[in-house]
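Residue-level listing of the chains:
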Amino acid sequence: IIHKTEDGTMLGKSAATAARMAARSQPKGQKRTFIDYLTNYPDRVQEIKKIQNKGGTCLGDVNPTWLKQPGDIGVALFGAGLTAFGTINCVVGHYRLATGKGKLD
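Each value, and the rule that gives it
Residues numbered from 1 in each chain as written. Predicted model: local features only at pLDDT ≥ 70, side-chain atom pairs only at ≥ 80, totals over all residues. Heavy atoms only, no water. Helix = DSSP H or I, 4+ residues; strand = E, 2+ residues; numbered from the N terminus. Buried < 20%, exposed > 50% of the residue type's maximum accessible area, 1.4 Å probe, protein only. Areas by Shrake-Rupley, 256 points an atom, 1.4 Å probe, with all protein chains shown as cover. Expected span 1.5 Å × (residues − 1). Polar contact = N/O pair within 3.5 Å; in protein donor to acceptor, adjacent residues only side chain to side chain. Patch = residues over 30% accessible without salt bridge, like charges linked within 9 Å, V, L, I, M, F, W, Y side chains within 5 Å. Salt bridge = Lys/Arg side-chain N within 4 Å of Asp/Glu carboxyl O. pLDDT = per-residue confidence, 0-100. Contact = heavy atoms within 4.5 Å.

**Comments concerning the overall build of the chain**
- In terms of regular secondary structure, the chain is built from four helices and two strands.
- In the chain, the succession of α and β elements from N to C terminus is β-β-α-α-α-α.
- Looking at the 105 residues of the chain, the share that counts as buried comes to 4%.
- On the chain, roughly 9,700 Å² of surface is accessible, and the fraction owed to carbon and sulfur atoms is 63%.

Structure representation (structure tokens):
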């Protein structure tokens, strides 16, 4: 079956139907929920900068800059614990290698 379009060209019925369906299925607009969240993320740099610069930045061991924010002490203690655990395991392993103790028979 041949279908004559408005501009005078001849198309098959299935081609005309496909063209109409393609025209209807165009997206209405972009959904950028994730990208919008990242681009509209609140800027807290100045707030953090005030905390870091409070009382100066060269304070040494009294009040180091890397322990000023909330939660910094917990992270530092966790890192110190991991370092201590690894160091103790290395010392024990070297001792066992040197003395031949702790072998599996």
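Text resumes after the structure shown.
**As for helix α4 (residues 72-99)**
- With 28 residues, α4 extends 41 Å between its outermost C-alpha atoms, agreeing within 8% with the 40 Å of an ideal straight helix rising 1.5 Å per residue.
- Positioned one or two residues after α4, Gly100 has a phi angle of 80 degrees, which is positive.

**Brief notes about the environment of Thr87**
- For Thr87, the location among the structural elements is in helix α4.
- In this structure the side chain of Thr87 is engaged in a polar contact, spanning 2.8 Å, whose partner is the backbone oxygen of Thr83.

**Things to note about a nonpolar patch on the surface**
- Taken together, the side chains of Phe34, Ile35, Tyr37, Leu38 and Tyr41 make up a nonpolar region of the molecular surface, amounting to roughly 580 Å² of accessible area.
- The residue Leu38 is located in helix α2 (residues 33-39) in this model.

**Some remarks on the confidence of the model for the chain**
- In the predicted model, the chain carries a mean pLDDT of 78, and 70% of its residues have values of at least 70.
- Confidence scores differ between elements of the chain, with strand β2 (residues 10-12) showing the lowest mean pLDDT of 56 and α4 the highest of 95.

**Comments concerning the side chain of Asp72**
- As for its position among the elements, Asp72 is in helix α4.
- Excluding residues within four positions of it along the chain, Asp72 makes contact with Trp66 and Leu67.

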